[in-house]
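Structural features, examined
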Amino acid sequence: MRASDNEVDFIASVTHDLKSPLNAILGTIEMLKAEIASDNGSKENMLENLAIASMAGADMLEQIQNMITTARMQAGKETIHPALLSGSDLIERARNMERTFKNEARCKKVDFSVVIGKLPAFVYWDINKLRYFAINNLVSNALKFVGHTGGIVQVLIESDDANNVTIAIMDDGPGIPENERASVFGKFSQASNNQQSFHGGGLGLFNAHQITTMHHGKIEILDGLHGRGVTFKITLPAIPFEIENVELREMLELEMECVAG
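The rules behind the values
Residues numbered from 1 in each chain as written. Predicted model: local features only at pLDDT ≥ 70, side-chain atom pairs only at ≥ 80, totals over all residues. Heavy atoms only, no water. Helix = DSSP H or I, 4+ residues; strand = E, 2+ residues; numbered from the N terminus. Polar contact = N/O pair within 3.5 Å; in protein donor to acceptor, adjacent residues only side chain to side chain. Salt bridge = Lys/Arg side-chain N within 4 Å of Asp/Glu carboxyl O. Buried < 20%, exposed > 50% of the residue type's maximum accessible area, 1.4 Å probe, protein only. Pairing = 2+ DSSP bridges. Axes fitted to C-alpha atoms, helices over the stretch in contact; angles between N-to-C directions. Contact = heavy atoms within 4.5 Å. Parallel < 35°, antiparallel > 145°, perpendicular 65-115°, else oblique. Left-handed = near helix turned anticlockwise from the far one by under 90°.

Looking at where Lys-118 falls in the secondary structure, it is placed in the loop between strand S2 (110-116) and strand S3 (122-125). It is 9.0 Å that separates the C-alpha atoms of Lys-118 and Gly-87, two residues lying 31 residues apart in sequence. Side-chain polar atoms of Lys-118 contact the side chain of Asp-161, separated by 3.2 Å.

Put into structure tokens, the structure is as follows:
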């Protein structure tokens, strides 16, 4: 059976994108071996090289996770398993995300921060899928956009009066041309002005859009910080699914009454 053009493009793109971090890991290992053998390597240099290898490994893992998620979505096997989370749970998870990306941002000389505004009392989301396949993908892309010369990446999380939560990932990088913004969520799509920014064959944004849509939300692409860069704005209903568990629904209703009172 002859492979389709999309399949060929996918294989070529993924092979190229996995090759880059793998070369970084192998090259770093060779440098470490040389430093150890010569007894001239400093502890600082070794730690710096290990950090480079670690980031390259994390990049490969992200790409592989995106490929697996895309395959599961295409097969109709990716399902949502929502759980009730309080506003304080969301804050804790947001701070954990901030700590997770701080080291990578520091190595790339990027000023990274998470700003948290008003949040609903509860959300009913599959927080793991939203985090790994939507938010993390968008933050990783933002860091890659501005990571060559340094810059700013900021995440803003807040809710509106209609009980919708917005998660905006903003940067001051090269941005995305306005005439391309409607198409970048397609599979294999990449912005023409920075082909290196979207690793993993263009699957990260595709997966972010799919997971957001599965939560009855949307992603908008707006201008970024200080008139530069790009903002990816995710808008999600706090409770996008019907809570079928009677005890859980009654608990939520009671808690909401307490909050309102």
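A negative phi angle characterises most non-glycine residues, just as the trans form characterises most peptide bonds. In this structure, Asn-163 takes a positive phi of about 65° despite not being glycine. With respect to the helices and strands, the residue Asn-163 is situated in the loop between strand S4 (151-159) and strand S5 (164-171).

Moving on, we come to the pattern of salt bridges. Evaluation of the coordinates by the stated rule reveals 6 salt bridges. When the shortest N-O distance is used, the salt bridge between Lys-129 and Asp-126 registers 3.4 Å. Each of the two residues, Lys-129 as well as Asp-126, counts as buried. Between Arg-181 and Asp-223 there is a salt bridge whose closest N-O contact spans 2.8 Å. Remark: Asp-223 occurs in strand S6 (residues 218-223) and Arg-181 occurs in the loop between S5 and helix H5 (203-214); sequence separation between them is 42 residues.

So, about the sheet that holds S6. The sheet built from 5 strands is open, its strands ordered S2-S4-S5-S7-S6 with mixed pairing. Each edge of the open sheet carries a strand with a single partner, namely S2 and S6. Taken pair by pair, the neighbouring strands of this sheet meet at an average axis angle of 15°, ignoring direction. Pairing analysis gives 6 bridges linking S6 to strand S7 (residues 230-237), with the strands arranged antiparallel. Bridge assignment links Ile-221 to a residue of S7, and that residue is Phe-232. This element, helix H3 (residues 87-107), spans S2 and S4 of the sheet and lies at about 175° to S2. Lying on the sheet, helix H4 (residues 127-146) is in contact with S2, S4, S5 and S7; it crosses S5 at an angle near 25°.

Our focus in this paragraph is the packing of H4 against H5. As a packed pair, H4 and H5 sit with axes 9 Å apart at the nearest point and diverge in direction by 140°. As judged from the angle between their axes, H4 and H5 are oblique. The two elements H4 and H5 cross, and the hand of that crossing is left-handed. Of the residues in H5, those touching H4 at Lys-129, Leu-130, Phe-133, Ala-134, Asn-137, Leu-138 and Asn-141 are Gly-204, Leu-205, Asn-207, Ala-208, Ile-211 and Thr-212.

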